[in-house]
Amino acid sequence: MKTLKILFFIFLSGALSAWAQPKDNSAPHVDLISIDGSINPAVDDFIRESIGRAKANGARALIIELDTPGGLLTSTRTIVKEMLGTPVPIIVYVAPSGAGAGSAGTFITMAANIAAMAPGTNIGAAHPVTGGGQEVKGVMGEKIENFTASFSESIAQQRGRNTQWAIQAVRKSVSITAQEALKKNVIDIVAYDIDDLLKQADGRNTEIEGRKETLSVKGARVVRYEMSLKQRILNTIADPNIA
């Protein structure tokens, strides 16, 4: 009997504590995830999962904070496909200062509904190479380059970005700073931090599943999510230095 009373007290205390805490789940919020490293199947899984969760929990947008030197073209294509057909607005934010969206990161950034960069970041150098970083030569190299250039161009067209620069990023490996990217219509925003990003993104129009939508994210609560243990393990194994 004494044990039952103790258990009941613990349960009641927990229930009262939960009841007493302010509930702000109905308050506007955005989800945020960070990608720091190569683009691989684990990252693809993480982004797909995050898009689904953001839709299910009513997030006003999903922010992907990005810093990558590049990665697998197969994973990048899948990610871009998910982003272009997203049911929730996606904001890619290349950050913090010193970060970059190289190679595969270029396509992912351009595929966002809102593309943003922090000051002191860069984007580009998207020429396809082998896993070891060597150029693919011969007929096969030409085919891969042509395909990747058209892939980059189609993303830019879909999001109303600079198609000529998108092609040059692949064919000439051009890389530009955040301010240059803003001037060239490669991105939409240069933001100092997340709060600044949300302020500038607020009120912008985008297209979600064929319909026009106006972002309402100013002052929204930011909810951060991390990779699952399985995703972190796969992401580590996929690191070129370890592989």
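Note that residues are indexed from 1 along each chain, following the sequence as it is written. In keeping with the model being predicted, local features are shown solely for residues with a pLDDT of at least 70 and side-chain atom pairs are shown and tallied solely at 80 or more, while totals for entire chains, interfaces and linings include all residues. Calculation of side-chain values draws on the structure's entire complement of heavy atoms; hydrogens and water are dropped beforehand.

What the 6 strands build is an open sheet, ordered β8-β5-β3-β2-β1-β11; its pairing is parallel. The sheet is open, and its two edges are formed by β8 (189–190) and β11 (221–224), each paired on a single side. Pairing between two strands requires that DSSP report at least two bridges joining them. Per the convention used, a helix needs a DSSP run of H or I reaching at least four residues, while a strand needs a run of E reaching at least two, with both numbered from the N terminus. Bridge count between strand β2 (residues 62–67) and strand β3 (residues 90–94): 5 bridges; the pairing is parallel. Residue I64 lies in a different strand from β3, and its bridge partner there is V92.

In what follows, salt bridge is the name for a side-chain nitrogen of Lys or Arg lying within 4 Å of a carboxyl oxygen of Asp or Glu. Considering all chains together, one arrives at 9 salt bridges under this definition. In this structure, the salt-bridge partner of R53 is E49, at a minimum N-O distance of 3.7 Å. Taken together, the residues R53 and E49, both in helix α2 (residues 41–56) and 4 residues apart, mark about one turn of the helix. Take R53: its relative accessible area is 22%, and that puts it in the partly exposed class. Buried residues are those whose accessible area, probed at 1.4 Å on protein chains only, stays under 20% of the maximum for their type, while exposed residues exceed 50% and partly exposed ones sit between those limits. Judged by relative accessible area, E49 falls into the partly exposed class, the value being 35%. In this structure, D188 and R161 form a salt bridge, with 2.9 Å as the shortest nitrogen-oxygen distance. Pair noted here: D188 is in the loop between α7 (178–183) and β8 and R161 is in the loop between α5 (138–159) and α6 (163–171), with a separation of 27 residues, a long-range link. Through salt bridges with shared partners, a single ionic network connects D44, D45, R48 and E82.

Bringing a nonpolar patch on the surface into the picture now. A grouping of L229, I233, L234 and I237 is seen on the molecular surface, where their side chains present a nonpolar patch of about 390 Å² in accessible area. Among the structural elements, L229 can be located in helix α9 (residues 229–237). Classification of L229 by relative accessible area gives exposed; the value is 55%. Residues forming no salt bridge and having over 30% relative accessible area are the ones grouped into patches, like charges within 9 Å of each other and nonpolar side chains (Val, Leu, Ile, Met, Phe, Trp, Tyr) within 5 Å. The accessible surface values rely on the Shrake-Rupley method and a 1.4 Å probe; as for residues, cover is taken only from the protein chains in view.

Pairing of aromatic rings covers Phe, Tyr and Trp, the last through its six-membered ring, and needs centres within 6.5 Å; plane angles under 30 degrees mean stacked, over 60 mean edge-to-face, and all others mean tilted. Counted under the stated rule, the structure contains 2 aromatic pairs. For the pair F147 and F151, a centre-to-centre distance of 6.3 Å together with 5° between the ring planes defines the contact as stacked. Placement of the pair is F147 and F151 together in helix α5, with a separation of 4 residues, close to one helical turn. Overall, F151 belongs to the buried group, its relative accessible area being 12%. Cluster of aromatic residues (ring-pair linked, three or more members): F107, F147 and F151.

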